[in-house]
Each structure stands twice: as structure tokens, then as C-alpha cells.
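Close look at the chain arrangement
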Protein chains: 2
Amino acid sequence: MLFTTDEEITQFGGKLLKLTHESLVTKTSMNVNVFFPPSTTSSSVPVLVYLSGLTCTPNNATEKSFWQYFASKYGFAVVFPDTSPRGANIEGENESYDFGTGAGFYVDATQEPWSHNYNMYSYVHGELQEKLAQQFNQLNFNNVSITGHSMGGYGALSGFFKNPGKYKSVSAFAPISNPSTCAWGEKCFGRYLGEDKSLWSSYDPTELIKSYTDCNQPDILIHQGAKDPFYWRDHQLQPENFVKAAEELGYKGKVLLNIVDGYDHSYFFISSFVEDHAKHHIKYLGLE
Amino acid sequence: MLFTTDEEITQFGGKLLKLTHESLVTKTSMNVNVFFPPSTTSSSVPVLVYLSGLTCTPNNATEKSFWQYFASKYGFAVVFPDTSPRGANIEGENESYDFGTGAGFYVDATQEPWSHNYNMYSYVHGELQEKLAQQFNQLNFNNVSITGHSMGGYGALSGFFKNPGKYKSVSAFAPISNPSTCAWGEKCFGRYLGEDKSLWSSYDPTELIKSYTDCNQPDILIHQGAKDPFYWRDHQLQPENFVKAAEELGYKGKVLLNIVDGYDHSYFFISSFVEDHAKHHIKYLGLE
């Protein structure tokens, strides 16, 4: 068995599994939660990967996002990965909320000492899915979409663009849309990836979307709370940069950015729009 | 202003207010969360009171129960009271999870030293609602229903029976159905109410329902997880006792007890059946 089941919880007619496994990519034990909708005797369940934001474990979104209600209703599984290796025991990994533990930033680090463990890009888009497909063969990772919040929204967009054809659709809640030009991104890219800005660009959704000439891409759904201080005050999120970049080539008119009045950056914001995002993804997952 | 707004959070198109006020009944500062559905310019919004279980603050259910999605959809407000006074500074109030702080048991204590502050019955069914109605006059406490989980499920049933005509409907998730005959109830009733068993009975849903001869009562909806260890292992919940008592008089056939396979005692259980309970209450709140 690749994964150990720490807890199996019945919810919304389906099953939530809290799993642990040894990752070859991060060289640590990793936690992941997976929700299986009812009737997973079906041999081919579409999958949505939800990437969480800074500081989160798999449990935050599992408890507060209410993805499971819609996953149960429409018939898809949800995978909630962790946001970093934990317990790598690298000096400095626990010093701040926005770097190191809980802040893997969905890159493969190239810089010492991070490059040994902090490889969340290969972990999330590669190893984790391959291993889940092996152990839970009802999960169809050939019919998979991706979404996420904040750092995880960036991770979803980044992973979508870097793996053409892999994900049927992508959406994001308050994504860090242009990490090369905000404080969170500069800190993580600088320390994980070093000073080579072309490497930063290779993960930056606003840079990546510029090169897409294919007009047959799925729409990208984004929600951003207007009262989110990381948006209006700190300019960490910058969805407008992403929309502007999208206008240049194949994605023209295909980024559906909703700036929603009154909403903040919390799970209260996420849970409010999960239904819209579920309806977005089921179109592309063949569940409509 | 009776209540101070500590936080105002936009969610599901409505507003969640985290409020604080000085209670005359508990003689402490009390926290309460209230969710207002969209369009509360309406001058008459039906209200659902949700009573939480042992150890909970108003935030647990606010974050994990998923009531707000359905409150927004159907157009009712939800009031999430706290489960006890906090900071009364009574010796022994913080010694165990199932007595004192977080465990007010929705009674008016008659025993020293608890009787000065631990009056959650009068607080929840009286003062809190009266004061909310004063400050938020769009909330219609003449059109109010009640529900709750575990200790709060007992509190909802108890409050419903003790206030004939006050609540349009009642439901409960894994309620402590016959507290006079389980360890949790014996501990709290004994210390808050003393040795007079007739006083215990006056709060015990299984005793209270026996005296109801009126056949025109609303149905009572109960869900109980079959894998809940407080149910099958510890016999703290005993919904069968309640159903049996209901068969004697006016409630015959009107307690809809659903023992649901696989479910535990957690918020994952609650959130899974909140939709059913919402649909139950809106029938009686005139929102169907």
C-alpha cells in the first residue's frame, strides 16, 4: 500500500480519507485528504485537485470549503494536498508563515538547502497523482481539473499552463496571479529558485499565459474579494495583470475575473463561490 | 447598542456578524454569531437558532456546519449562541470538557456557585433573542425555529418543549435525548441542578415529550450517526428512548429518527445533513 489511511470519515454520502505516504520527491512523509463521492464503485471518477494557500494543511479546506457537498452532488473526487513538506528539518523552514513549512509555493526548488525536499511542483502534478491512481484505481487522473486559493490559486494556474492538455479546466480563488512582481512571490521564488528571473517566469501565470496561442482553451474562472487586504492593500494578488496578459493571445476574453464586493480572503469567501467553481469544472469533466 | 460587532464578514451573499454583549443573565460578556441572508432589507426575516455541543464556541458551527449556504438559499437568519458563560471565574469551571466552560447544558443552575452565571436556558431562549430583536429589528423572533448538535440537540428539544408555541419547529443532530440517564447529563444536571430529579425531568426531552397530548405538533427531525461512539459505545445519546416516549401520546409517529450508517459525531456528520434539516424547518417557517 502506498498510502496509509489515518481516518476514514463518511460525509455527504461519500468517504473522506485522510492519507499519509512517503514521498520520493519531498523525501518526507506527506499528508493528503481525498474525498470520494458516493457510488465510487464506478471505475472512472473524475478528479478535482484543490491546492491550498499559505499556512494550510489538507484539513483547512477539507473542513471549511464545502467542496464535498458539490463533489457528492455532481460526482467527482477532490484531492486536497498539503502545501509543503513538513519535518524536513531545514534550518529556517519554520521562521515565517510565507516561506518554508506551509509555503512550498508549488515549485521545484533549485537552491540549497531547499532543493532536497521543497519540490511541490513535481509532487503535486506528478508523484501524488500517479500514486493515488495506483492505489485508488477508480480515480481517473486522465479526467482531472485543478483549482486553488491564494498561493494554491497560483499553483493551479501555474500547473495548468505548464502541463498542456493535462488538466481539463482550471479556476482560482484570489490567486497570486503574478508572483514575480509581489512580495510573497519575490520571497519564495528568490529563495527556492535563486536570481534567474527566467526560472521565475516559468512558474508565473501572468508570464505563462502570454505564450498561449491556442484559442481552444477552456475558460478560466477567477473570483477575487474586493475587501481582501492582500488584494487592495498589499497588491499580492494582481489578477488584473493576469487578465491583461490573457488579452494578448489565445486566451483573449477567456479569463472570467469576478471582483466580488464585500468579500475577504478567508474560507468564508471560498465557500461562497465553490458552487460556481464546481459548475465551471463539471462542464469540462463531462459531468454536466 | 446592545451588541458590539467584532467582525462583519460577507458570505454566501449575506452577512455574518460576530457579536459581543453584556448579558444580565450570565453576568458575563457573551459571544454570538448571526448570519443574515441576502436582502435583509426585508423587515421580517425568519430565524433559526443553532445550539452547539460540548466545548464549542459560536465559531465552530459557523465555520464547519454549512448552515449559511442554505440560510442564504432559503432566506432565513441563523443565530449561533455560545455554549456557556466564559470567564465567570468560578473555581472548577475549567477542569473538564463536559462541565463548566463550554458545557452550560442549557439549564438555569440552581446550585451554588453555578447559579450566579450558568443560566444558559434563560439566556438562549430569553435574553439573547429579546436583545437581538431590539438591535436587529429585521429579525423576526415570532417566526423562529431551533436546532442543535449533541448537547445543543438536547438544548433545542428541551427549549422547544418548555416553551410551547414559541418555536415553529425543532430538529436535532445526535441529541443527548435522555440526559437524566446518561453520564453527561447526570454530571451536569447533578452539579447545576442538585439532586431533585423532578428538576432534571423538567429539562429532559424524553420526559417532556411524554406530557404532550396535542396532536397538531410539527414533526421532529433527528439524525444520528450509527458510527458515533457516543451513541453505540457510551450510550450518551439514546434517541431510541426519546422515540419510545414520543409514541405514548401526541407525538406518536411524529419523531423522524434517521440512524445513518457510517456517520460519526463530527461536523462532517452535521454538514452532511444540514440540507435535510433546512428543508424541514423552512416548511414551518413559511419559506417553502
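This text goes with the structure placed above it.
My aim in this report is to walk through the structure given alongside it, one point at a time. Fair warning: this is a prediction, and the values are worked out from it, not measured in the lab. (Residues numbered from 1 in each chain as written. Chains lettered and ligands numbered in written order. Predicted model: local features only at pLDDT ≥ 70, side-chain atom pairs only at ≥ 80, totals over all residues. Heavy atoms only, no water.)

Concerning the pattern of salt bridges
Residue and element names in this part refer to chain B.
- According to the stated counting rule, one finds 20 salt bridges over all chains in the structure shown.
- Between Asp234 and Arg233 there is a salt bridge, with its nearest N and O atoms 2.7 Å apart.
- Asp234 sits in the partly exposed class, given a relative accessible area of 29%.
- The exposure class assigned to Arg233 is partly exposed, which follows from its relative accessible area of 47%.
- Between Glu247 and Lys252 there is a salt bridge, and its shortest N-O distance comes to 3.6 Å.
- Accessibility expressed as a relative area gives 57% for Lys252, which makes it exposed. (Salt bridge = Lys/Arg side-chain N within 4 Å of Asp/Glu carboxyl O. Buried < 20%, exposed > 50% of the residue type's maximum accessible area, 1.4 Å probe, protein only.)

Some remarks on the relation of the copies chain B and chain A
- By a simple turn and slide, chain B fits onto chain A: the slide is 0.0 Å along the axis, the RMSD is 0.0 Å, and the turn is 180°. Here the transformation between the copies is reduced to the relation of a two-fold axis. Among all residues of chain B, the one whose C-alpha sits closest to the rotation axis is B:Lys64, at a distance of 2.8 Å.
- Interface residue correspondence from chain B to chain A reaches 96%, placing this contact among same-surface, isologous pairings. (Least-squares fit on C-alpha atoms with pLDDT ≥ 70 in both. Contact = heavy atoms within 4.5 Å.)

Notes on the packing of aromatic side chains
- For the structure shown, the criterion picks out 67 aromatic pairs over all chains.
- Pairing A:Trp114 with A:Tyr118 gives two aromatic rings, centres 5.4 Å apart and planes at 90°, and the pair type is edge-to-face.
- Assessed through its relative accessible area of 4%, A:Trp114 is described here as buried.
- An aromatic cluster is defined as three or more aromatic residues linked by ring pairs; in this entry it consists of A:Phe12, A:Phe66, A:Tyr69, A:Phe70, B:Phe12, B:Phe66, B:Tyr69 and B:Phe70.
- Cation over ring: A:Lys162 sits above A:Tyr121, and NZ or CZ is 5.1 Å from the ring centre.
- Lying over the aromatic face of B:Tyr167, B:Lys166 brings its terminal NZ or CZ to 5.3 Å of the ring centre. (Phe/Tyr/Trp six-rings, centres within 6.5 Å; stacked < 30°, edge-to-face > 60°. Lys NZ or Arg CZ within 6 Å of the ring centre and 35° of its normal.)

Overview of the packing of helix H2 (residues 67-74) of chain B against helix H10 (residues 267-284) of chain B
Residues and elements named next belong to chain B.
- Between H2 and H10, the shortest axis-to-axis distance is 9 Å and the interhelical angle comes to 35°. Pair H2 / H10 crosses with right-handed handedness. Facing H2, whose interface residues are Trp67, Phe70 and Tyr74, H10 presents Val274, Glu275, His277, Ala278, Lys279 and Ile282.
- Looking at side-chain class alone, the contact of H2 with H10 contains six nonpolar, one polar and two charged residues. (Axes fitted to C-alpha atoms, helices over the stretch in contact; angles between N-to-C directions. Helix = DSSP H or I, 4+ residues; strand = E, 2+ residues; numbered from the N terminus. Left-handed = near helix turned anticlockwise from the far one by under 90°. Nonpolar A, V, L, I, M, F, W, Y, C, P; charged D, E, K, R; others polar.)

Concerning the sheet that holds strand S7 (residues 167-173) of chain B
Residues and elements named next belong to chain B.
- Taken in spatial order, the nine strands of this open sheet run S1-S2-S3-S5-S4-S6-S7-S8-S9, and their pairing is mixed. Both outer strands of the open sheet, strand S1 (3-11) and strand S9 (255-260), are each paired with one neighbouring strand and no more. Strand-to-strand twist of the sheet, defined as the mean angle between neighbouring strand axes without regard to direction, takes the value 20°.
- The pairing of strand S4 (residues 45-51) with strand S5 (residues 77-81) spans three bridges and is classified as parallel. Note on S5: the bridge partner recorded for Val49 is Val79.
- Across the sheet, helix H9 (residues 239-246) lies against strand S8 (220-225) and S9, angled at about 155° from S9, the strand it touches most.
- Contacting S4, strand S6 (139-148), S7, S8 and S9, H10 runs over the sheet at an angle of about 160° to S7. (Pairing = 2+ DSSP bridges.)

Concerning the interface of chain B and chain A
- Facing the 24 residues of chain B at the interface are 23 residues of chain A.
- Carbon and sulfur atoms make up 59% of the area that chain B and chain A hide from each other, which totals about 2,000 Å².
- Taken together, the connections running from chain B to chain A amount to two salt bridges.
- In this structure, A:Glu63 and B:Lys64 form a salt bridge, with 3.5 Å as the shortest nitrogen-oxygen distance. (Buried area = accessible area lost by both parts, 1.4 Å probe.)

Remarks on unusual backbone geometry
- Looking along the chain, the bond that leaves A:Glu112 and enters A:Pro113 is cis, with omega of -5°.
- Relative to the helices and strands, A:Pro113 is located in the loop between strand S5 (77-81) and helix H3 (120-135).
- Notably, A:His235 is not glycine yet its phi reads approximately 55°, a positive angle.
- A positive phi angle, near 60°, is found at B:Phe105, a position not held by glycine.
- Note that B:Phe105 resides in the loop between S5 and helix H3 (120-135).
- Among the residues examined, B:Phe105 registers a relative accessible area of 0% and is labelled buried.

Notes on the environment of B:Ser169
Residue and element names in this part refer to chain B.
- With respect to the helices and strands, Ser169 occurs in strand S7.
- Remark: the alpha-carbon pair of Ser169 and Thr147, spanning 22 residues in sequence, is separated by 8.4 Å.
- In contact with Ser169, not counting residues within four places along its chain, are Val144, Ser145, Ile146, Phe160, Pro218, His280, His281 and Tyr284.
- In terms of polar contacts, Ser169 uses its side chain to reach the side chain of His281, at 2.8 Å. (Polar contact = N/O pair within 3.5 Å; in protein donor to acceptor, adjacent residues only side chain to side chain.)

Re the sheet that holds strand S8 (residues 220-225) of chain A
Residues and elements named next belong to chain A.
- One open sheet accounts for nine strands, arranged S1-S2-S3-S5-S4-S6-S7-S8-S9; its pairing is mixed. Each edge of the open sheet is held by one strand with a lone partner, namely strand S1 (3-11) and strand S9 (255-260). Between one strand and the next, the sheet's axes are offset by a mean angle of 20°, whatever the strand orientation.
- The pairing of S8 with S9 spans six bridges and is classified as parallel. By the bridge assignment, Ile222 is partnered in S9 with Leu257.
- Across the face of the sheet, helix H10 (residues 267-284) comes into contact with strand S4 (45-51), strand S6 (139-148), strand S7 (167-173), S8 and S9 while running at roughly 160° to S7.

Some remarks on the layout of surface pockets
- One number sums up the size of the largest pocket: a volume of about 330 Å³.
- Lining the largest pocket are 21 residues, and of these B:Cys56, B:His149, B:His265, B:Ser266 and B:Tyr267 lie nearest its centre.
- Broken down by secondary-structure element, the contributors of at least two residues to the lining of the largest pocket are helix H1 (58-64) of chain A together with helix H1 (58-64) and H10 of chain B.
- Sort the elements by how many residues they give to the lining of the largest pocket and H10(B) lands first, with three residues.
- Taken together, the residues that form the lining of the largest pocket break down as eight nonpolar, 10 polar and three charged.
- Estimates place the volume of the second largest pocket at around 230 Å³.
- Taken together, A:Gly53, A:Leu54, A:Thr55, A:Cys56, A:Tyr97, A:His149, A:Ser150, A:Trp184, A:Phe230, A:His265, A:Ser266 and A:Tyr267 form the lining of the second largest pocket.
- Residues belonging to the lining of the second largest pocket are distributed by class as follows: six nonpolar, six polar and no charged. (1 Å grid on protein atoms, 1.4 Å probe; cavity = no way out; pocket = protein on both sides within 12 Å on 5 of 7 lines; lining within 4 Å. Points joined across faces, edges and corners; volume = space filled by probe spheres on them.)

Observations regarding the side chain of B:Lys131
All names here are of chain B.
- Structurally, Lys131 can be placed in helix H3.
- A distance of 3.2 Å separates the side chain of Lys131 from the backbone oxygen of Glu22, its partner in a polar contact.
- Other than its neighbours up to four places away in sequence, Lys131 contacts Leu2, Phe3, His21, Glu22, Ser23 and Leu24.

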